Structure formats: structure tokens, C-alpha cells
Amino acid sequence: MRTMKSQALLTTGSKAEQDVPSVQPAETKEFGPDQKKLLRRTVAGSVVGNIIEQYDFVLYGSVAALVFGKLFFPTFDPTVALLAAFGTYSVGFIARPLGSLVAGHVGDLRGRKGVLVAMLLIAGISTTAMGLLPTYAVVGIWAPLFLVTLRFVQGFSFGGEYGGAILMVSETAPREKRGFYTGFIPASSAVGGLLSTGVLFALSFMPAETFEAWGWRVPFLASIILVVTGLIIRLRLKETPVYKNAETQGKITRKPILEVIKANPKELLLAAGISFGFGTLTYGVVTWLLSYITNNLKLDAGVGLIALTIAFVFYGLSDWVSSAISDRVGRRPVILTGGIAFAVWSFPMFALIGTKNSILITLAMAVALILCGMIYGPLASLISELFATKFRYSGASMGYQLGQTLGGGFSPLIATALYAATRTSFSVALYLVIAGLITAACVFFLTETKGRDLTQ
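Note that the coordinates shown come from a computational prediction; the quantities given were computed from them, not determined experimentally. (Residues numbered from 1 in each chain as written. Predicted model: local features only at pLDDT ≥ 70, side-chain atom pairs only at ≥ 80, totals over all residues. Heavy atoms only, no water.)

**Q** Hey, could you run me through the environment of Tyr 243 in this one?
**A** With respect to the helices and strands, Tyr 243 occurs in helix 12 (residues 241-248). Residue Tyr 243 is classed as buried on the basis of its relative accessible area, which comes to 1%. Separated by 163 residues in the primary sequence, Tyr 243 and Leu 406 have C-alpha atoms spaced 30 Å apart. Apart from the residues within four sequence positions on either side, Tyr 243 is in contact with Gly 107, Asp 108, Leu 109, Arg 110, Gly 111, Arg 112, Glu 171, Ile 252 and Thr 389. (Helix = DSSP H or I, 4+ residues; strand = E, 2+ residues; numbered from the N terminus. Buried < 20%, exposed > 50% of the residue type's maximum accessible area, 1.4 Å probe, protein only. Contact = heavy atoms within 4.5 Å.)

**Q** So what exactly am I meant to see when it comes to the packing of aromatic side chains here?
**A** Taken as a whole, this structure holds 27 aromatic pairs when the rule is applied. Between the aromatic rings of Phe 444 and Phe 445, the centroid separation amounts to 5.3 Å while the plane-to-plane angle is 90°, which identifies the pairing as edge-to-face. Through a chain of ring-to-ring contacts, the aromatic side chains of Phe 158, Tyr 162, Phe 278, Phe 312, Tyr 315, Tyr 376 and Tyr 400 assemble into a single cluster. One Lys or Arg, Arg 151, reaches over the ring of Tyr 60 and ends 4.2 Å from the middle of that ring. (Phe/Tyr/Trp six-rings, centres within 6.5 Å; stacked < 30°, edge-to-face > 60°. Lys NZ or Arg CZ within 6 Å of the ring centre and 35° of its normal.)

**Q** How should I be thinking about a positive patch on the surface in this particular structure?
**A** The grouping of Lys 36, Lys 37, Arg 40, Lys 177, Arg 236 and Lys 238 at the surface amounts to a positive patch. Tracing the backbone through its elements, the reader meets Arg 40 in helix 3 (residues 33-72). (Patch = residues over 30% accessible without salt bridge, like charges linked within 9 Å, V, L, I, M, F, W, Y side chains within 5 Å. Areas by Shrake-Rupley, 256 points an atom, 1.4 Å probe, with all protein chains shown as cover. Salt bridge = Lys/Arg side-chain N within 4 Å of Asp/Glu carboxyl O. Lys, Arg positive; Asp, Glu negative; His and termini not counted. Charge placed at Lys NZ, Arg CZ, Asp CG, Glu CD.)

**Q** Sorry if this is basic, but what is going on with the nonpolar core here?
**A** Note that soluble globular proteins tend to have their nonpolar side chains buried in a common cluster. One finds Phe 68 and Met 349 to be the most contacted residues of the largest nonpolar core, which totals 116 residues. Per element, the largest residue contribution to this core is 17 residues, and it comes from helix 3. For Met 349, the contacting residues outside a window of four places in its chain are Val 285, Leu 289, Ala 364, Ala 368 and Leu 432. (Core = buried A, V, L, I, M, F, W, Y, C linked by side-chain atoms within 4.5 Å.)

Put into C-alpha cells, the structure is as follows:
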């Protein structure tokens, strides 16, 4: 009798044992209907949060380029006021590594889902509060101080958001299509940018005085709608199969940050280098060029906003297509091509923009963001494949956000200073050439990661 019971137990297993296949990673088994349903939900939950975060970040950069200098630093010379506005913009990037450290530690120790819910809530509160800020004319020096504080909180949340969103998808997707599915995350960044520039373009039809008085507040306040929608979707997410598998096997470390630094210092630094180059290129285009077109070329703000809105469409397509292509040819070749191509494109881009022709300006920015997408798309898969599960959140977030802080955070500031010192776009174009070559050099020294088993 005992023998029969033992055999039945071996055949059917306990309830806990029967549930194990539902958390086994896609790396190790057939990708059935239940896994496809889980993957669709995971992609949706990850995408919606990233759209909101990118909406917030691009919105801030665009409004900083257009009016923040006048509203929060009115006693400064116009160039100095713009530098100060971009300085507060950089604060958000300075906070990113801190956010990545905290979120990475908790995400590796306790799981990915809870961290992503918290980061989205923090982002929503800080961005909405920006729409309620008093200006310098109302509260004096407190206005820029409040602005800097909220920008720091916003940056903290994004520092923890992006790496987690990538991991939610990459640790759920089948190995051979990881780039295809993970590519939806960087592509959603373009959607966030498209939403923010689209809203600003609609508001640009306001009289300039009305926009400066209260119009700029509307897109910040409207973000609360996106946040509530995102929270509803994200709360329904489940933990990733790869993380659950590691947790079940006891492969969780209590010191993920220290372990990733000890185990993968080369990968961490090279990932940061790629991110640095990409951040410099992207935010140089998305943020500084908008200011350059409006303030230096003296064109209507609508010209830059229309060009950027159209360019974001191509950016999103490039992100996703490039990431999907990397499933076939590898992450390295696609990113390498994007970095070198942008270095080549930098000077022609400024030549086209210098014509002041709106069609050529749109072409210049669209090509630039297509090339940025060739880096950004495959980079999502690459940074998730570089590190082991037990410290993957920490490694992916730290590598990406360190580079973004140094590249994306300071590129508008550096570009403004370079142009102010030389009074020519040549210096800025050369700066972007160097950034593109840094991206190419860093990815060249990495080992190809396509097809790696994330459970190993």
C-alpha cells in the first residue's frame, strides 16, 4: 500500500511540485498558451510605466528649453538662465544612479514587480506636483529650489524604472525572440516622447504669454491620468519566471550590488560607456536641438516641436525593428552600426538644420533618432543578458543609468556651453561625433550576448 502511494506521489507530485512548471523560465521549456498570455500582460505592464516615465522626462526637457529659464531664473542673462534651466534638468539624471542602486538592491532581493509599482507611483506624484509649482515671481528663490527637489525625485524613480521594465520582459520572453519582445520597452520610450511633444505642439498655438502664464502646466497635470492607468495595469503583473525559478532554487543574494561589481566590472563599465554615448546623442537631439532651433536660429517653437514629433515616430520604429533584427544578427553589430553612423551624420545634420527649412530640419532630426534607435533598441536586451539573475536588476540598472547620468544628463548643458563659447554648431557636432564613437568602441569590446540562457 505504501509502495503504491509512493509511486502515485512520484507520478503526480505534491501541489507545490505541480506548480513548479508555471514558474519555470521560458529558457527551459515549450512556450505554451499560458506563457504567451503572461508575456502579453508583462509587456503591457512594462510598456505603460516606461511610457509615463519617458513622457515625464521628455516633457521636462522640452519645457526647460522653452520657458523654465524665464519663469524660474528671470534675473539671469538669457544664456545663463538657459544653462540654469538645463542644470535643473541634469539633477534628474544625477538622481538616476541612486534610484538604480535602491531599486536594483530591492528588486534582486525581493522581486521585480513591487519595485516597478513603487517607482511609477513616485514618478506620478513628482510630475503632477511640477504642474502646481509657483514661479520665481511668486515665491522668489524657493521656486527653483522646489523645482530641483521634484526633478531629483523624478530622476530617482526613473533610475529604478527602466532596468526593471526591461527585466520583466526579458526574463519572461522566449530566448530566440528576446530582442523582439524586449524591443517594445525602448520603443515605448518614443511613445512617451511623442505624447509629450504632441501635447506641447497643441499648446504652442496658444499666445506666448498664455503659455508662459499657465499653459505649460497642463501637460504636467495631465500625467496623473497616465499614472492611474499605469498603476491599474501594473498591479496585475506577476513576478518573472526566471526570478521565481532562482528564488525557488535559493539563488538570491543579499548583496547584489557588491557581487555584480566584483563579478562583472568590465561588463558594467562597457554597458555604462554605451549608455553614455547613446544618452549624449539622444538628449542632444531631443532637448538641446529644440532650444537651438528656437533660441539661436530664431524660428518659431512649433517648427522644432513638429520636427521632433515626426522624428519620434521613426525613433520608436527604429527601436523595435533594430531590437528584433538583433535576434538574428546579434546585439553588437546593430549597436556598432548605429554609433558609427551617428558620428558620420552629425555634421550633415547641423548643415540641414542650418538651412532653417522645416522639411530639412525634420529630415535631420528623424535620421538622427533612427540612428539612436539602432543603439537603444538592442541595448535593452544586451544589458539584461550581461548579468546573472541574482544581481541582474542591479547590474542592468547601474550600467544603464551611470551612462545616462554622464551622457544624457549633461549633454544639453555641455552643448549650450560649447555653442556659447564658440558661437558655432561645429563644436556641438564634434561633441556628438565623439559620443557616437565612444558607443561603438564600448560595444566592440563586449562579447556577443544574443541567445544567452538567463537561468545560468
